[in-house]
Amino acid sequence: YIKTQSKFKGFLIWDEPEFKDFDYLAKDYQKFVKDYPDTPYFVNLLPLYAEGQQIPDGQYKRYLQEYNDKVFSKFDDKHKILMCDVYPLMSGELYSKWLYNLELLRTMADKENGDLYLYLQSQGFLGRWRQPTSKADLTLQLYVYLAYGVKGVAHYPYRTPESSPAANPGVIDKDDEPTYMYEFAKHMNKLAHKLDGPYFSFDWQGVISCIGSQNFDKYNANFDFAENMIEEYGVLKEVKSTKDAIVGCFEREDGYQAFMAVNFTDTLAQERNTITLTFKKSCKKAIVYLEGEPKEMDIEDGQLKLTLKTGEGAFVIP
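What counts as what
Residues numbered from 1 in each chain as written. Predicted model: local features only at pLDDT ≥ 70, side-chain atom pairs only at ≥ 80, totals over all residues. Heavy atoms only, no water. Helix = DSSP H or I, 4+ residues; strand = E, 2+ residues; numbered from the N terminus. Contact = heavy atoms within 4.5 Å. Axes fitted to C-alpha atoms, helices over the stretch in contact; angles between N-to-C directions. Parallel < 35°, antiparallel > 145°, perpendicular 65-115°, else oblique. Left-handed = near helix turned anticlockwise from the far one by under 90°. Core = buried A, V, L, I, M, F, W, Y, C linked by side-chain atoms within 4.5 Å. Buried < 20%, exposed > 50% of the residue type's maximum accessible area, 1.4 Å probe, protein only.

## Structural notes on the environment of Phe259
For step 1, the next point in the chain: Looking at where Phe259 falls in the secondary structure, it is placed in strand E11 (residues 257-263).
For step 2, the next point in the chain: The spatial distance from the C-alpha of Phe259 to the C-alpha of Ala147 is 7.9 Å, given a sequence separation of 112 residues.
For step 3, the next point in the chain: If we skip the residues at most four places from it in the chain, Phe259 touches Tyr233, Val235, Leu236, Val247, Gly248, Cys249, Phe279, Ala314, Phe315, Val316 and Pro318.

This is the structure:
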């Protein structure tokens, strides 16, 4: 009956498995695929900060490798989806290894020619993760994930868990009524749908990081922990910004390239960010998607300047 529903997208089999669960999942998948061919088998993995709690310290790479070897690599190629929850909105700061965690997941998905899906933090919990209080708290996560070539996102939680205090509502409350988070999620979802046409025609290539000219410490922990950042890609020769920024790089089969520029600042700071993309001189114009809406802009003397609000990103096709 479930599979006949138009919104059915697959089964979430296991949330946050530990090492000891991989052998079971490997056997269970072989049974599952016989009963439900052509159906996604979702397993949502633990994030890097689970080390010391559910994963022994220093063992996260081994955790991913064992899951890959025993489970993920065996998935049907049509539904090879790597899923994880890594929640960045910590109390007073962004999780410092957020981008590093994304790199590890991105590398694993690419190795198996799979897609990456991620959960968004749509609630505060455990006193360590803060409650989202603006649309920007969700759109920041969306744009960062898009910069890493993510193909699917989900809200955690949708329905507020029974154990959650009143100060930490999910998208709907315990009586299944919309909370203020509902409008934030609705706004973010609409942005994602507006972008899915142009975005999905490109393949992810890498991410550029940029320390902002107004970052007087000249340091960003997320950039420091990251290991796979690139400095330029294709027609994009340089990135400069007033605040810290990242730029996801993409290319499609016909050689056209695209770039997801993101204001990578904590939404608590409410900072605008002017990002300057310097292209090869052959680039004269660009289609720029701001708030999901396309606009043609001139590239003057090889430069395109974008001023992004807090939590904002722009998809640029020169």
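## Looking at the packing of helix H2 (residues 60-70) against helix H3 (residues 98-111)
For step 1, the next point in the chain: Two elements in contact, H2 and H3, have axes whose closest approach is 11 Å; the angle formed by their N-to-C orientations is 25°. Classified by the angle their axes make, H2 and H3 are roughly parallel. In this structure, the crossing between H2 and H3 has a hand that is right-handed. Residues Tyr60, Lys61, Leu64, Gln65, Tyr67 and Asn68 of H2 form the contact with H3, whose own contacting residues are Tyr100, Asn101, Leu104, Leu105, Met108 and Lys111.

## A word on unusual backbone geometry
For step 1, the next point in the chain: Here Tyr156 and Pro157 are connected by a cis peptide whose omega angle stands at -10°.
For step 2, the next point in the chain: By secondary structure assignment, the location of Pro157 is in the loop between strand E7 (152-156) and helix H5 (180-199).
For step 3, the next point in the chain: Here Lys218, not a glycine, exhibits a phi torsion of approximately 55°, which is positive.
For step 4, the next point in the chain: Among the structural elements, Lys218 can be located in the loop between strand E8 (203-210) and helix H6 (221-225).
For step 5, the next point in the chain: Here the phi dihedral of Asp301 falls at roughly 55°; this positive angle occurs in a residue that is not glycine.

## Considerations on the nonpolar core
For step 1, the next point in the chain: Counting residues in hydrophobic clusters, the biggest one holds 76 residues, and the most contacted among them are Tyr67, Trp98, Val144, Ile246, Met260 and Phe315.
For step 2, the next point in the chain: If we ignore the near neighbours within four places in the chain, the residues touching Trp98 are Val86, Pro88, Leu140, Gln141, Val144, Tyr145, Asn222 and Phe264.
For step 3, the next point in the chain: Counting 23 residues, the second largest nonpolar core, distinct from the first, contains Ala245, Phe259, Leu277 and Ala314.

Treat this as a map of the structure, not an account of what it does.
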